[in-house]
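Remarks on the overall topology
Letter by letter, the chains look like this.
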Amino acid sequence: MEFLSLKVLMEKVGLKHRPTFLENYINPAFQAGFIKVLYPEKPNHPRQKYLLTTKGLALYNEIEKNTGRFIGNKIE
C-alpha cells in the first residue's frame, strides 16, 4: 500500500466534487480510523496524502472477500 492523493482517490472511485468527497467519505473514514494522513498536524497541507490503516485494510479485505469483487482500479 502507498499514500495516495485526494485526486487519485477521487479518480479511483469516479467522483469529481472535492468538497462532497471530503465531507462524505474522507472525513468519516479518517474519524473512524480507516485511513491515516501523511501530514496529520496539517490537514489542509497541499501535498496531503492518504493511506489505509490496519483497520481500513481489514475492512477492504473483508468487503473484497464477501463480494468477490475488487475495489479501486482492479477489475470488478
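Just above sits the structure.
Residues numbered from 1 in each chain as written. Predicted model: local features only at pLDDT ≥ 70, side-chain atom pairs only at ≥ 80, totals over all residues. Heavy atoms only, no water.

Notes on the sheet that holds strand S1 (residues 4–5)
Across the sheet, which stays open at both edges, the three strands sit in the order S1-S3-S2 with antiparallel pairing between neighbours. Where the open sheet ends on each side, the last strands, each with one partner, are S1 and strand S2 (35–37). As defined by bridge partners, S1 adjoins strand S3 (residues 49–52) across two bridges and the pair is classed as antiparallel. Paired with Ser5 across the two strands is Lys49, which belongs to S3. The strands touched by helix H2 (residues 18–31) are S2 and S3; relative to S2, the strand with the most contacts, the crossing angle is about 90°. (Pairing = 2+ DSSP bridges. Helix = DSSP H or I, 4+ residues; strand = E, 2+ residues; numbered from the N terminus. Contact = heavy atoms within 4.5 Å. Axes fitted to C-alpha atoms, helices over the stretch in contact; angles between N-to-C directions.)

A word on the nonpolar core
Core analysis: the biggest nonpolar cluster contains nine residues, these being Leu6, Leu9, Met10, Phe21, Ile26, Ala29, Ile35, Val37 and Tyr50. Contributions of two or more residues to this core are made by helix H1 (6–13), H2 and S2. In this view, Leu9 contacts Leu4, Phe21, Ile26 and Tyr50; residues no more than four positions away in its chain are not counted. (Core = buried A, V, L, I, M, F, W, Y, C linked by side-chain atoms within 4.5 Å. Buried < 20%, exposed > 50% of the residue type's maximum accessible area, 1.4 Å probe, protein only.)

A short note on the side chain of Ser5
Position of Ser5 among the secondary structure elements: in strand S1. At a separation of 3.2 Å, a polar atom in the side chain of Ser5 contacts the main-chain amide nitrogen of Val8. Apart from the residues within four sequence positions on either side, Ser5 is in contact with Gln48, Lys49 and Tyr50. (Polar contact = N/O pair within 3.5 Å; in protein donor to acceptor, adjacent residues only side chain to side chain.)

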